[in-house]
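# Remarks on the overall topology
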Amino acid sequence: MTEPGEDQVQITVHQAVGGDGFFVELVERFYAGVADDPLLRPMYPEEELTGAKRRLALFLIQFWGGEPVYSEERGHPRLRMRHFPFRIGPAERDAWFRHMMASLNSLVEERDILPEAETAMRDYFQMAAEAMRNQD
């Protein structure tokens, strides 16, 4: 992705959105929706969702070009393996994607995000939601 200007510079999505704070806020908004979702909430045994929030934020920060703290703490992401114990069918996939898109949309409305970064995240979240599905 390039930043506009005379001397175009390659930047990561992490840089394009302003760093770690963007992903921490994205995850906070996402889990605010999950907390009240009768389909998704039972998948998270923690009462406060603190661990889940931290893990997802660290994963997204690393995935989009930030520091590799997620891998340092947890090893390879192994997303399908880590999600396999949960029944994730089309309804769960759609609920996850709906909450993630609502969170992303609200942040994009508030912040000046490069369109390429927004598109990359939307495409990734759509792919990831389907990739985690393990039931028909």
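In the block above lies the structure referred to throughout.
None of the values given here were measured: they were computed from a predicted structure.

### Section: the overall build of the protein
For the protein, the helix and strand inventory stands at seven helices and two strands. In sequence order, the secondary structure elements of the protein are arranged as β-β-α-α-α-α-α-α-α. For 136 residues, the compact-globule formula gives about 14 Å, and the C-alpha radius of gyration of the protein, at 15 Å, lands near that figure. Seen through its C-alpha atoms, the protein measures out along the principal axes to roughly 50 × 30 × 30 Å. The buried share of the protein, taken over its 136 residues, is 42%. Partitioning the intrachain contacts of the protein with sequence separation of at least 6 by distance along the chain shows that 67% fall at a separation of at least 24. Total accessible area on the protein stands at roughly 7900 Å², and carbon and sulfur atoms take up 52% of it. With 15 positive and 24 negative side-chain charges, the protein shows a separation of 10 Å between the mean positions of the two kinds.

### Examining unusual backbone geometry
With a phi close to 65 degrees, Leu49 is a non-glycine residue in the positive phi region. Inspection of the secondary structure puts Leu49 in the loop between helix H2 (20–35) and helix H3 (50–63).

### A word on the side chain of Ser103
When you line up the elements, Ser103 lands in helix H6 (residues 90–110). Looking at Ser103, the relative accessible area reads 3%, which means it is buried.

### Looking at H6
With 21 residues, H6 should cover 30 Å at 1.5 Å per step; its first-to-last C-alpha distance of 30 Å lies within 8% of that length. The secondary structure elements touched by the buried residues of H6 are H2, H3 and helix H7 (115–131).

### Overview of the packing of aromatic side chains
Inspection of the entire model under this criterion finds 11 aromatic pairs. Seen from their ring centres, Phe30 and Tyr31 are 4.9 Å apart, and the 75 degrees between their planes marks the pair as edge-to-face. Of the two residues, Phe30 and Tyr31, neither departs from the other in class, the shared state being buried. Taking the centre distance of 5.3 Å and the plane angle of 90 degrees together, the rings of Tyr31 and Tyr44 count as edge-to-face. Of this pair, Tyr31 sits in helix H2 while Tyr44 sits in the loop between H2 and H3; the two residues are 13 residues apart in sequence, bridging distant segments of the chain.

### Some thoughts on the packing of H2 against H6
Closest axis-to-axis distance for the H2/H6 pair is 9 Å, and the angle between their directions is 135 degrees. By the angle between their directions, the pair H2 and H6 is classed as oblique. Remark: the crossing between H2 and H6 carries right-handed chirality. Between H2 and H6, the residues in contact are Phe22, Glu25, Leu26, Arg29, Phe30, Gly33 and Val34 and Trp96, His99, Met100, Ser103, Leu104, Ser106, Leu107 and Glu110, respectively. Its residues assigned to classes, the contact of H2 with H6 comprises eight nonpolar, four polar and three charged.

### Description of the environment of Phe30
Mapped onto the fold, Phe30 is located in helix H2. When the C-alpha positions of Phe30 and Leu104 are compared, they lie 8.4 Å apart, and in sequence the two are 74 residues distant. Residues within four places of Phe30 in sequence aside, it is in contact with Tyr44, Leu56, Trp96, His99, Met100 and Ser103.

About the criteria used
Residues numbered from 1 in each chain as written. Predicted model: local features only at pLDDT ≥ 70, side-chain atom pairs only at ≥ 80, totals over all residues. Heavy atoms only, no water. Helix = DSSP H or I, 4+ residues; strand = E, 2+ residues; numbered from the N terminus. Rg over C-alpha atoms; globule rule 2.2 N^0.38 Å. Buried < 20%, exposed > 50% of the residue type's maximum accessible area, 1.4 Å probe, protein only. Contact = heavy atoms within 4.5 Å. Areas by Shrake-Rupley, 256 points an atom, 1.4 Å probe, with all protein chains shown as cover. Lys, Arg positive; Asp, Glu negative; His and termini not counted. Charge placed at Lys NZ, Arg CZ, Asp CG, Glu CD. Expected span 1.5 Å × (residues − 1). Phe/Tyr/Trp six-rings, centres within 6.5 Å; stacked < 30°, edge-to-face > 60°. Axes fitted to C-alpha atoms, helices over the stretch in contact; angles between N-to-C directions. Parallel < 35°, antiparallel > 145°, perpendicular 65-115°, else oblique. Left-handed = near helix turned anticlockwise from the far one by under 90°. Nonpolar A, V, L, I, M, F, W, Y, C, P; charged D, E, K, R; others polar.

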